[in-house]
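Residue-level structural notes
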Amino acid sequence: MLTLDCPYCGVAAEETELHGGGEAHLKRFGPASSDEDFEGYLFMRENPKGVNFERWRHVNGCGKWFHAARCTMTLEVFGTYSAQTTEPPKALLAKIKKKRPQWPGYGAEK
Amino acid sequence: MKRYSAFAVAREAVRYHQGWERAWASPQPKKRYDVVIVGAGGHGLATAFYLGKNFGITNVAIIEKGWLGGGNTGRNTTIIRSNYLQDPSAAIYEKARSLYETMSQDLNYNVMFSPRGVMMLAQTQSEIRGYERTAHANAYQGVKTEFIGPQRVKELCPIINIDGPRYPVLGALWQARGGTARHDAVAWGYARACSDMGMDIIQKCEVTGVRQNAGKVVGVDTTKGAIDCDKLAIVVAGHSGELAGMAGFRLPMESVALQALVSEPIKPCMDVVVMANTVHGYMSQSDKGEMVIGGGTDGFNNYTQRGSFHHIEETVRALVETFPMISRLKMLRQWGGIVDVTGDRSPVITKTPLGNCFMNGGWGTGGFKSIPGSGWAMAELVAKGEPGPLAAAFGMDRFKEGRFIDESVAAGVAH
């Protein structure tokens, strides 16, 4: 079972207490933006086979939203971090890069 | 190709079965093909088959990373139905269902299509309204379905408990011409027919790159060397995003795991397919006697072909109320497949930013039932370069234009 450490309440939360919130760090485009940007924000997803940054909510716990870095190939969890950020923390990126030298890096596919 | 027939069985019976030939060839790839199809699952093979049958294009290679039909084609619950709400979905799924009816004859391969009837239980008031609406829509679309009451449900499937305390059965959407088919046989039958037309099915050959020149595809790099092609068709289900990444465009899709499981084999006890969408469970009985059970998808991106264990518990717990007799059944096997899900839960059969590259994917949890219709529509798109009437609504541009084919509400979760 997937277990994520909630960065707010500190509980090692099991999958049944969590709710997935999809891709993290989407840049929001509103109605005034171009069609391409609006479509990209609403529908287009990285969907990587490998390192994935995503949003989670500790729904049956403290109720807070947070971020997690996880591998969609092995289900390995690299770490969790606060929702109050627009990009993953540098220390976490370095940790992933050390474990996965082949990984092109955050944002490389965008 | 030698035809399969009762006569052939009798002939081989007196020859110690020495005369059977291999169903399909396993050649090395040629340098160049008119069309390269990535993915030898049901959809890829059906695309190849209808390219040859409907358009006479037979210089085709079907490239497969693993083995033929080893992805979602071999990992589903084999349900075939076409009782969709939206017109474009009803059209393509009904086309597929009607092609399944004659598939064994068309392919000279017994796909064991069993039109035993599919029942989608209404267990809440909103489901009753939803399915009545779907039944009316289907009548208008020419898809034969009807909304039936709980007593008729009990007659059709006596093992159902219609008076469950939490989720009583209030009625059902009944499609008598829906049913199941042998999933591997669908892939094998198409493969045999494609091979017979001179197409090359190349297994254990992974595509590692899409070679391009001036905005067009010129070929693919594979683990068996480079292969040139005039047109490229990407039909890879859960890995659509990977292939699109190689080709350099993005897709409105996410890949998640969908699970199914089978019980130990028991005596025949239900001869219909029952889907209970409120509780996320569906069940039918295979010819071997196993109860084939499917559930919902996991809530996070996943490429592992394994699903979360608690989903099995939820599915089985829900089904036990509706089918009390399964409470003592032992479960035999469980497996997961990677399905690519789009924003509106409908597939894409689409042109791509690369002029001669076409994409078929996003079937989510409804891929198996659509195989022949999807292949039919995709073959037309690849052959003509423009979508035909079946595929026209499924273009990827619908997300930009807000022209959704919204089946996420209409079809419930089980799809």
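One numbering rule holds for all chains: residues counted from 1, following each sequence as written. Each chain is given a letter, starting from A, and each ligand a number, starting from 1, according to the order in which they appear as written. Reporting in this predicted model follows two pLDDT cut-offs: at least 70 for local features of residues, and 80 or more for side-chain atom pairs to be given and counted; totals over whole chains, interfaces and linings ignore these cut-offs and use all residues. Heavy atoms from the whole structure form the basis of all side-chain values; hydrogens and water molecules are not counted.

**Overview of the sheet that holds strand β5 (residues 65-71) of chain A**
Pairing between the strands of a sheet is mediated by backbone hydrogen bonds and can be parallel or antiparallel. Residue and element names in this part refer to chain A. Pairing between two strands requires that DSSP report at least two bridges joining them. Here a strand is any run of E in DSSP of at least two residues, a helix any run of H or I of at least four, and the numbering for each starts at the N terminus. Strand order in the open sheet formed by 4 strands is β3-β4-β5-β6, with antiparallel pairing between adjacent strands. Taken across any chain shown, the strands that pair with only one partner, and hence form the sheet edges, are β3 (19-23) and β6 (77-82). Going across the sheet, the axis of each strand differs from the next one's by a mean of 30°, ignoring polarity. The pairing of strand β4 (residues 51-57) with β5 spans 7 bridges and is classified as antiparallel. When the bridges of β5 are listed, Val-51 appears paired with Cys-71. For helices, the axis comes from a line fit to the C-alpha atoms of the stretch in contact; other axes are also lines fit to C-alpha atoms, and the angle between any two N-to-C directions lies between 0 and 180 degrees.

**Here's the deal with the UniProt feature "domain: Rhodanese" (unreviewed entry) in chain B**
The UniProt record annotates "domain: Rhodanese" (unreviewed entry) at residues 35-79 of chain B. With 31% helix and 20% strand, residues 35-79 of chain B has its two end C-alpha atoms placed 30 Å apart. UniProt positions are given in the numbering used here, feature names are shortened, and annotations may be inferred rather than shown by experiment.

**A short note on the packing of aromatic side chains**
Note on aromatic pairs: the rings of Phe, Tyr and Trp (six-membered ring only in Trp) are paired at centre separations within 6.5 Å, and the planes decide the class, stacked below 30 degrees, edge-to-face beyond 60, tilted for the rest. According to the stated counting rule, one finds 16 aromatic pairs over all chains in the structure shown. Centroid distance B:Tyr84 to B:Tyr93: 4.1 Å. Interplanar angle 5°. Geometry classified as stacked. A single burial state applies to B:Tyr84 and to B:Tyr93, both of which are buried. Put simply, the rings of B:Phe49, B:Tyr50, B:Tyr190 and B:Trp376 pair up and form one aromatic cluster. Positioned over the ring face of A:Phe29 is A:Lys27, at 4.7 Å from the centre of the ring. Comment: the charge-over-ring label is applied if NZ (Lys) or CZ (Arg) is within 6 Å of the ring centre and within 35 degrees of the ring normal. One residue, B:Lys95, lies across the ring of B:Trp376, its end atom 3.8 Å from the ring centre. Buried, partly exposed and exposed residues are distinguished by accessible area as a fraction of the type maximum, computed with a 1.4 Å probe on protein chains only: under 20%, between the cut-offs, and over 50%, respectively.

**Quick notes on the packing of helix α3 (residues 87-101) of chain B against helix α10 (residues 371-384) of chain B**
Residue and element names in this part refer to chain B. The interhelical angle for the contact between α3 and α10, taken along N-to-C directions, is 110°, at an axis separation of 6 Å. On the basis of their axis angle, the class for α3 and α10 is roughly perpendicular. Read as a crossing pair, α3 and α10 show a hand that is right-handed. When α3 is examined against α10, the residues Ile-92, Lys-95, Ala-96, Leu-99 and Tyr-100 are found in contact with a partner set consisting of Ile-371, Pro-372, Gly-373, Ser-374, Trp-376 and Ala-377. Under the scheme applied here, ten amino acids are nonpolar (Ala, Val, Leu, Ile, Met, Phe, Trp, Tyr, Cys and Pro), four are charged (Asp, Glu, Lys and Arg), and all others, including Gly, are polar. For the contact of α3 with α10, a count of residues per class yields 8 nonpolar, 2 polar and 1 charged. We call two directions roughly parallel when the angle between them is under 35 degrees, roughly antiparallel when it is over 145, roughly perpendicular when it lies between 65 and 115, and oblique otherwise. Each helix crossing is assigned a hand: it is left-handed if the near helix lies turned anticlockwise from the far helix by less than a right angle, otherwise right-handed if that turn is clockwise. The criterion used for residue contact is that any of the two residues' heavy atoms lie within 4.5 Å.

**Examining the pattern of salt bridges**
For this document, the term salt bridge refers to a Lys or Arg side-chain nitrogen within 4 Å of an Asp or Glu carboxyl oxygen. With the rule as written, the count across this model stands at 27 salt bridges over all chains. Note that A:Arg100 is salt-bridged to A:Glu76, the shortest N-O span being 3.0 Å. One end of the pair, A:Arg100, is in the segment after α2 (90-99); the other, A:Glu76, is in the loop between β5 and β6, and 24 residues separate them in sequence. What makes A:Glu76 partly exposed here is its relative accessible area of 25%. Here B:Arg211 and B:Asp221 are joined by a salt bridge, their closest N and O atoms 3.1 Å apart. Taken together, the residues span a long stretch of sequence, with B:Arg211 in strand β9 (residues 207-213) and B:Asp221 in strand β10 (residues 216-222) at a distance of 10 residues. For B:Arg211, a relative accessible area of 26% gives the class partly exposed. The exposure class of B:Asp221 is partly exposed, given its relative accessible area of 28%.

**Let's talk about the packing of helix α2 (residues 42-55) of chain B against helix α7 (residues 183-196) of chain B**
Residues and elements named next belong to chain B. Where α2 contacts α7, the two axes come as close as 9 Å, and the packing angle between them is 35°. Relative to α7, α2 is oriented so that their crossing is left-handed. Where α2 approaches α7, its residues Gly-42, Leu-45, Ala-46, Ala-48, Phe-49 and Tyr-50 are matched on the opposing element by Ala-187, Tyr-190, Ala-191, Ala-193 and Cys-194. Residue classes in the contact of α2 with α7 are distributed as 10 nonpolar, 1 polar and no charged.

**Brief notes about the side chain of B:Ser263**
All names here are of chain B. In this structure, Ser-263 sits in strand β12 (residues 253-265). For Ser-263, a relative accessible area of 0% gives the class buried. Polar contacts, as counted here, are pairs of nitrogen or oxygen atoms within 3.5 Å of one another; within protein the pair requires one atom able to donate a hydrogen and one able to accept it, and residues that are adjacent in sequence qualify only if both atoms are side-chain atoms. Here Met-291 takes part through its backbone nitrogen, which lies 3.0 Å from a polar atom of the side chain of Ser-263.

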